[in-house]
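As a plain string of letters, each chain reads:
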Amino acid sequence: MGNILPPGSVVGIVGGGQLGRMLATAAARLGLRASIFEPQKDAPAFDAAAFRHCAPYDDASALETFAQEADVVTLEFENVPVSALEIIERYTPVFPPRQALQVAQDRIAEKAFITSLGLPLGAYEPVEGADALGEAYARLVARAPGTAYLKRARHGYDGKGQMRLVSADDIPAAESWLGAETAVLEAAVPFAMEISMLAVRGADGAMAFYDPPHNTHAEGILRECLVPAPISAATRTQAENYARRIAEALDYVGVLAIELFLVREADGNEHLLLNEIAPRVHNSGHWTADTCTVGQFENHIRAVAGWPLGSTARHSEARMVNLLGHEALEWRTLLTDNPARMLTLYGKSDVRSGRKMGHYVDLSPLVK
């Protein structure tokens, strides 16, 4: 087992958004101090941090100062430049490992990695720029006719960086949109529901799993999670096995999320297809902080600090709803409507349409 950090140690967090804020809060609860590295001055996580470093990700001197201050470093999102991690790693351990980011930062690399483990994906084709799109589309529809989605290989999230292709008539517009960038072209999956599996792996290799939520998206943004998802025990075990194989292949430490499509056949049999890997705490796991013995944020901090993992058992069923844009301004009404509702606001000052500003969780007792 790796180093076990005592209370009072400093956990560095790269990224200052809401995930960094909730990680910093979890660290404080355990007597650990959070240090945030973030380029934006008004980052929400700065409010919860003991130490603040506001600098670009290419500022080597600032990265060195941050790394030397921290006893361990973790990440709130996967698009941190690998060059920044290389500097940090000279001074302090970083979890999850760099390989996890390299896999998750590029959709082509991610799908190749998943395929190398023998795990199932929907039909797709890599696209090396606009000039290759027409041939890739022809190959894909020959195997999986119907609607396809073109997704830029890098920097896509919350439905951004992708477009829908209904027929070959959409190819010229897609070529203009893509330009010289790489992408993947995915066949639409006729799924019954979207679920996610959140797993946490400790420095000693121990693993624990949260109950999969049923996730509902609108315009590519997660809107609601219902826990537990209405799936069979066998399907849950399958999701756990997929997460375990990915985590072990990456020698992962911390919370790992995998997004999955559940497909039901005409005979009622169901199986899972992997969609994406997220090497971090995840929006579809925010409910765990209010519904489980130990939530995803605390368990991630425990893992990277070398502490024993906490129980992932649920004490309630839950419905989590994301608050986007001006929806968060109705916080008073949300609490008045349900005094038992648990509200989390992210401290963002700039209210924009579609921006995640907070979430709430409604609980119902477990049926005995």
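Residues numbered from 1 in each chain as written. Predicted model: local features only at pLDDT ≥ 70, side-chain atom pairs only at ≥ 80, totals over all residues. Heavy atoms only, no water.

Caption draft 1: Layout of the sheet that holds strand β5 (residues 124-127). Taken in spatial order, the four strands make up an open sheet running β5-β8-β6-β7, and their pairing is antiparallel. Each edge of the open sheet carries a strand with a single partner, namely β5 and β7 (162-165). Mean inter-strand twist for the sheet, computed between neighbouring axes without regard to direction, equals 20°. The pairing of strand β6 (residues 148-152) with strand β8 (residues 183-187) spans five bridges and is antiparallel. In the strand pairing of β8, Ala148 is matched with Ala187. Along the sheet, helix α6 (residues 133-143) makes contact with β5, β6, β7 and β8, crossing β5 at roughly 175°. (Pairing = 2+ DSSP bridges. Helix = DSSP H or I, 4+ residues; strand = E, 2+ residues; numbered from the N terminus. Axes fitted to C-alpha atoms, helices over the stretch in contact; angles between N-to-C directions. Contact = heavy atoms within 4.5 Å.)

Caption draft 2: How the structure looks around the nonpolar core. Judged by nonpolar contacts, the single largest core of 42 residues is most densely connected at Ile13, Leu32, Trp287, Phe297 and Ile301. Put simply, the parts of the chain that give this core at least two residues each are β1 (10-14), α1 (18-29), β2 (33-37), β9 (193-201), β12 (221-227), β13 (254-264), α10 (296-304) and β15 (316-324). The dominant element in this core, judged by the number of residues it contributes, is α1, at six residues. Non-local contacts of Ile13, meaning those with residues more than four positions away in its chain, are made with Gly20, Leu23, Ala24, Ala34, Ser35, Ile36, Phe37, Phe66, Thr74 and Glu76. (Core = buried A, V, L, I, M, F, W, Y, C linked by side-chain atoms within 4.5 Å. Buried < 20%, exposed > 50% of the residue type's maximum accessible area, 1.4 Å probe, protein only.)

Caption draft 3: Structural view of helix α2 (residues 60-69). Inspection of α2 places Ala62, Leu63, Phe66 and Ala67 among the buried residues, and these make up the whole buried set. Along the axis of α2, the buried positions cluster into a sector of 130°, meaning they face one direction only. Elements in contact with the buried residues of α2: β1, β2, β3 (51-53), β4 (72-75) and α3 (82-88). The N-terminus of α2 is capped by Asp59, whose side-chain oxygen sits 3.3 Å from the backbone nitrogen of Ser61. (Arc of directions from axis to C-beta. Polar contact = N/O pair within 3.5 Å; in protein donor to acceptor, adjacent residues only side chain to side chain.)

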